[in-house]
Amino acid sequence: MPELNPPTRFAAAMRPPPLCRLRGFTLAELAVVLIILALLSGSMLVPLASRIEAHDRQATLDRLRDIQQALTGFAIIHGRLPCPSIEADPAHPDYGQETPPPCNTAVEGLLPWRTLGMPATDPWGSTRASADAPWQGHWRYRVDRSFADQPITAASVPASNLQIHAHDGRRITVSDSQAVAIVFSTGANRRADGLNATYSATGPAYQAGEPTADFDDILIWIGRPLLIARLAQAGRL
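The model shown is predicted, which means the values in this text are computed figures rather than measured ones.

### Notes on the overall build of the protein chain
Next, step 1: Broken down by element type, the protein chain carries five helices and five strands.
Next, step 2: For the protein chain, the α and β elements follow one another from N to C terminus as α-α-α-α-β-β-β-β-β-α.
Next, step 3: Counting over 237 residues, the protein chain shows a buried share of 35%.
Next, step 4: Expressed as a percentage of contacts within the protein chain between residues at least 6 apart in sequence, the contacts between residues at least 24 apart total 65%.

### Concerning the pattern of salt bridges
Next, step 1: Taken as a whole and assessed by the stated rule, the structure comprises five salt bridges.
Next, step 2: Put simply, R65 and D62 hold a salt bridge, and the shortest N to O gap is 3.0 Å. One end of the pair, R65, and the other, D62, are both in helix α3 (residues 27-78), three residues apart, so they sit about a helical turn from each other.
Next, step 3: What makes D62 partly exposed here is its relative accessible area of 35%.
Next, step 4: Here R170 makes a salt bridge to D168, at a shortest N to O gap of 4.0 Å.
Next, step 5: Owing to a relative accessible area of 61%, D168 belongs among the exposed residues under this scheme.

### Details of unusual backbone geometry
Next, step 1: Going from P101 to P102, the amide bond is cis rather than trans, its omega being 0°.
Next, step 2: Mapping P102 onto the fold places it in the loop between α3 and α4 (113-116).
Next, step 3: Phi is positive for N161, which is not a glycine, with a value near 60°.
Next, step 4: Its location among the elements puts N161 in the loop between β1 (140-143) and β2 (163-165).
Next, step 5: According to the relative accessible area criterion, N161 is partly exposed, its value standing at 36%.

### Notes on the sheet that holds strand β5 (residues 218-223)
Next, step 1: Strand order across the open sheet formed by three strands is β1-β3-β5, with antiparallel pairing between neighbours. In the strand order of this sheet, the two ends are held by β1 and β5, each with one partner. Each strand of the sheet is rotated relative to its neighbour by a mean of 10°, with strand direction disregarded.
Next, step 2: Two elements, β1 and strand β3 (residues 179-185), share four bridges in a ladder whose sense is antiparallel. By the bridge assignment, R140 is partnered in β3 with F184.

### Digging into a nonpolar patch on the surface
Next, step 1: Together, V33, L34 and L37 line one region of the surface with nonpolar side chains, adding up to about 280 Å² of accessible area.
Next, step 2: Along the chain, V33 falls in helix α3.
Next, step 3: The partly exposed category is assigned to V33, whose relative accessible area is 38%.

### Digging into the packing of aromatic side chains
Next, step 1: All chains considered together, the criterion is met by three aromatic pairs.
Next, step 2: Ring plane angle 85° and centroid distance 5.2 Å describe the contact between Y95 and W113, whose orientation is recorded as edge-to-face. With a gap of 18 residues between them, Y95 in the loop between α3 and α4 and W113 in helix α4 connect regions that are remote in the sequence.
Next, step 3: Residue Y95 is classed as buried on the basis of its relative accessible area, which comes to 5%.
Next, step 4: Using a relative accessible area of 7% as the deciding quantity, one classes W113 as buried.
Next, step 5: Taken together through their ring pairs, the aromatic side chains of Y95, W113 and W135 make up a single cluster.

Procedures and definitions
Residues numbered from 1 in each chain as written. Predicted model: local features only at pLDDT ≥ 70, side-chain atom pairs only at ≥ 80, totals over all residues. Heavy atoms only, no water. Helix = DSSP H or I, 4+ residues; strand = E, 2+ residues; numbered from the N terminus. Buried < 20%, exposed > 50% of the residue type's maximum accessible area, 1.4 Å probe, protein only. Contact = heavy atoms within 4.5 Å. Salt bridge = Lys/Arg side-chain N within 4 Å of Asp/Glu carboxyl O. Pairing = 2+ DSSP bridges. Axes fitted to C-alpha atoms, helices over the stretch in contact; angles between N-to-C directions. Patch = residues over 30% accessible without salt bridge, like charges linked within 9 Å, V, L, I, M, F, W, Y side chains within 5 Å. Areas by Shrake-Rupley, 256 points an atom, 1.4 Å probe, with all protein chains shown as cover. Phe/Tyr/Trp six-rings, centres within 6.5 Å; stacked < 30°, edge-to-face > 60°.

So this is what it looks like as structure tokens:
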């Protein structure tokens, strides 16, 4: 074969490669790849969301236990439990502070977090900027008036009849209510569910239990026997 002269060799070098070497993905192949990526990302997001939810619930339970300890500590120091906070204006000096006894039970109360030195909200909460802003994630709090309006003694008995029920309506608290204070988080949906959604000044019924499709509140309470024991142990009785 005769040797190519320089112009011929240059033309051969500039000749485009065969079509088969330039072939990329077709639209159908790209669509299949995108579908696979979407399925993979979707399958990863669901477990991630579940892990985040579980983490936030555990963080809420930890904070509620700290609140429980703070309430008990307040009772040991002051001889009574704090009244709820009812001030709605974040600019007011009493915002987050307990309302002085006698406790106002005409409206739903909130945890006096500043009085107790606790965080204002659960992990889903948000800071309020005005008096008419929603209470998203702020702790709901209710206390028996016999344990907040006056000094607690060994003979103190519940007077407000705080009742806590399971999802099936079964009463968790017994003996004319041994619960003397309740605190609950409204959960990830940031609204009170079940019995907790309706506030009653005269019939205080609350709900506690595992999360369901329409209930994600997290509630704890302080019982009379344990509180009396803690006060006696601390030499307050």
